Amino acid sequence: MRAIKRRGAVERIRDFIDYRVPPHIPVKRVKSRLTAPVASFTFDDFPASAAHNGAVLLEEYGAVGTFYVAGGLCGGADGDTSYFDKADLVDLVRRGHEIGDHTFAHIHVPRHDRAALDEDRTRNARFVSDVAGDVIATSFAYPFGHASITAKRYYSRHFACCRGTAPGINSGSLDLAQLKAVSLESSVFDPKALAHILEKAKAENGWLIFYTHDVSGNPTPFGTEAGVLAGAVRACRDADIEILPVRNALARACFA
Ligand SMILES: [Zn+2]
């Protein structure tokens, strides 16, 4: 019993070091050259409803999103949530949406060694190119938002930028190894806070990266009600905050 408790304490310390500390330790710093705020809408995993409802909704506003694909989830389901299939991936690319990397097997990256990360990363890249053709992910999103310092160093060598889930607006000195994000998940997001977030992004010429999973009339705690997503997209437009996929926003932030 005591051994179990000790192991629990060690685990908790390791979790703290791996998950709480990295957002505060920049690994790939770049000074933002944004002269106006931008927003990106991103979808992790991604459920079929994100490809269907989320993508269409962005397109209605003349925008496209970034879909972080974990190839191992293709064609699968978790409870009532169906994940994307190959046709969804092909269709998103055809319609101009960005495909990012989210590991193949949706792993806790801090818990894997470099050889395992190499294998998983190349497997996901091969999956994407086999399905969608000449598509190379330029950005990465950490599954579960978890990133150790070692993982940040690893993924920032392989991708132009990486997104975590630590909350905030990216402005001033950006950490491209773990960009901050704003959750639109139904269990977290408060639509009443949106106006304040947008105001802050405007004041800082910041890069807002929203993230969610499924998009429907009845979302999971990790997803977003379609009307709430529509409201966020509309609010960005009303606030004159340009909506860009991550790759384009990154280029804007780096090269102005
Ligand atoms: Zn995920």
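Here the structure is shown first, and the text comes after it.
None of these values were measured; they are calculated from a predicted model.

## Examining the environment of Ala115
Topologically, Ala115 is positioned in helix α4 (residues 114-132). Overall, Ala115 belongs to the exposed group, its relative accessible area being 53%. Expressed as a C-alpha distance, the spacing of Ala115 and Tyr19, which sit 96 residues apart in the sequence, is 21 Å.

## What to know about the environment of Ile243
Tracing the sequence through the fold places Ile243 in strand β14 (residues 242-243). Other than its neighbours up to four places away in sequence, Ile243 contacts Ala39, Phe41, Leu58, Ala63, Val64, Val233, Cys236 and Arg237.

## Details of the packing of aromatic side chains
Under the criterion given, the structure shown has 12 aromatic pairs. Taking 5.2 Å as the distance between ring centres and 70° as the angle between the ring planes, the aromatic pair formed by Phe46 and Phe67 counts as edge-to-face. Remark: Phe67 occurs in strand β3 (residues 66-69) and Phe46 occurs in the loop between β2 (38-45) and α2 (48-60); sequence separation between them is 21 residues. A relative accessible area of 0% places Phe46 in the buried class. Overall, the relative accessible area of 0% leaves Phe67 in the buried class.

Rules used throughout
- Per chain, residues are indexed from 1 in the order of the written sequence.
- The predicted origin of the model limits local features to residues at a pLDDT of at least 70 and limits the giving and counting of side-chain atom pairs to 80 or more, whereas totals for whole chains, interfaces and linings rest on all residues.
- The side-chain figures draw on all heavy atoms in the structure; neither hydrogens nor water molecules are used.
- Per the convention used, a helix needs a DSSP run of H or I reaching at least four residues, while a strand needs a run of E reaching at least two, with both numbered from the N terminus.
- Throughout this description, buried means an accessible area under 20% of the type-specific maximum (1.4 Å probe, protein chains only), exposed means over 50%, and partly exposed covers the range between.
- By definition, residues are in contact when any of their heavy atoms lie within 4.5 Å.
- Within 6.5 Å between ring centres, the rings of Phe, Tyr and Trp (the latter by its six-membered ring) count as paired, and their orientation is classed by plane angle as stacked under 30 degrees, edge-to-face over 60, tilted in between.

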